[in-house]
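Overview (structure and organization)
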Amino acid sequence: MKALILAAGRGERMRPLTDNTPKPLLWVGGKPLILWTIAQLRQAGIVDLVINISHLAEQIKNELGDGAKFDVSIRYSFEHEALETAGGIAWALPLLDERPFLVVNSDVFSDYNFSDLRDLAQRLTANRPAHLVLVDNPDHHPQGDFALREGLLGMEGARLTFSGIGAYHPAMFAAIRRGEKARLAEQLAKPIAEGCVSGEHFHGEWNDVGTPQRLAALDARLRSRYSAD
């Protein structure tokens, strides 16, 4: 199974740090943020990776190369301008084949077990095209994104926050013209309304590393944790 790591964004909220460094390469806990995700995917046996890139793309390619030094295989989906989440996934489809795949935001840090998602992804179909991992609402996103009831996503009721981790069937993005900007929420609206998108509530560690302050806080926690070990 393949995984797509979304790394094309400009990282506006992270400025000025991202003026000269792409967000996935900002250091946290002693190494670039994206390497934590790569290590987790590798640990789950997912070693065939695609990374979409745009802003300061060459820095990411130079740092990660073909992935061999991290015991994975990496290919790149270059966007001349960031195409938003669904547009970026659609642009990368030729590298993802025709089977379900995982997608994770490069600015997420968590201890989620990707083995679980890999197994769930294998059961996705064109009629059941997505499975999303939801988390408790953080302070910076108290309204949440989706409700979860009996394993299915909806819009009515108490909402949880989308973690940026999910599994998808390629059919969900087939109608997007390659190179067209498209938001993931728009692609999910119809299948969610039809009760066709499953989900789970993850209770482990999860961090949306979206601002310099949250990056610094996570860095301090990780350095303290591993120095104590």
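Our subject is the structure that appears above.
In this report, the structure presented in the accompanying data block is examined. (Residues numbered from 1 in each chain as written. Predicted model: local features only at pLDDT ≥ 70, side-chain atom pairs only at ≥ 80, totals over all residues. Heavy atoms only, no water.)

Quick word on the environment of Val 133
In this fold, Val 133 is placed in strand S8 (residues 130-135). Val 133 gets classed as buried once you look at its relative accessible area, which sits at 1%. Excluding anything up to four places from it in sequence, Val 133 contacts Tyr 112, Leu 117, Thr 161, Phe 162, Ser 163, Ile 165, Glu 200 and Phe 202. (Helix = DSSP H or I, 4+ residues; strand = E, 2+ residues; numbered from the N terminus. Buried < 20%, exposed > 50% of the residue type's maximum accessible area, 1.4 Å probe, protein only. Contact = heavy atoms within 4.5 Å.)

Quick look at the nonpolar core
Ranked by size, the top nonpolar core spans 34 residues in total, and within it Ile 38, Leu 49, Ile 51, Leu 64 and Phe 114 carry the most contacts. With 4 residues, the single largest contributor to this core is helix H1 (residues 33-43). Other than its neighbours up to four places away in sequence, Ile 38 contacts Ile 5, Leu 49, Leu 64, Phe 70, Val 72 and Ile 74. (Core = buried A, V, L, I, M, F, W, Y, C linked by side-chain atoms within 4.5 Å.)

Quick word on the environment of Phe 101
Take Phe 101: it is sitting in strand S6 (residues 101-105). On the accessibility criterion, Phe 101 (0% relative accessible area) is buried. Once residues lying within four places of it in the same chain are set aside, the contact partners of Phe 101 are Met 1, Lys 2, Ile 89, Leu 93, Leu 96, Gly 166, Ala 167, Tyr 168, Pro 170 and Phe 173.

Overview of the packing of aromatic side chains
This model, assessed by the stated rule, comprises 6 aromatic pairs. With a centroid separation of 5.2 Å and an interplanar angle of 85 degrees, the aromatic rings of Tyr 112 and Phe 202 are classed as edge-to-face. A residue pair is termed long-range when its members are at least 10 positions apart, and Tyr 112 in the loop between strand S7 (108-110) and helix H4 (114-121) and Phe 202 in the loop between strand S12 (197-201) and strand S13 (206-208) qualify at 90 residues. Classification of Tyr 112 as buried rests on a relative accessible area of 4%. Taking relative accessible area as the criterion, Phe 202 reaches 14% and is therefore assigned buried. Here a set of aromatic residues connected by ring pairs shows up, and it is made of Phe 101, Tyr 168 and Phe 173. Over the ring of Trp 36 we find Lys 31; its NZ or CZ atom is 4.2 Å from the centre of that ring. The ring of Trp 91 has Arg 178 lying over it, and the distance from NZ or CZ to the ring centre is 4.0 Å. (Phe/Tyr/Trp six-rings, centres within 6.5 Å; stacked < 30°, edge-to-face > 60°. Lys NZ or Arg CZ within 6 Å of the ring centre and 35° of its normal.)

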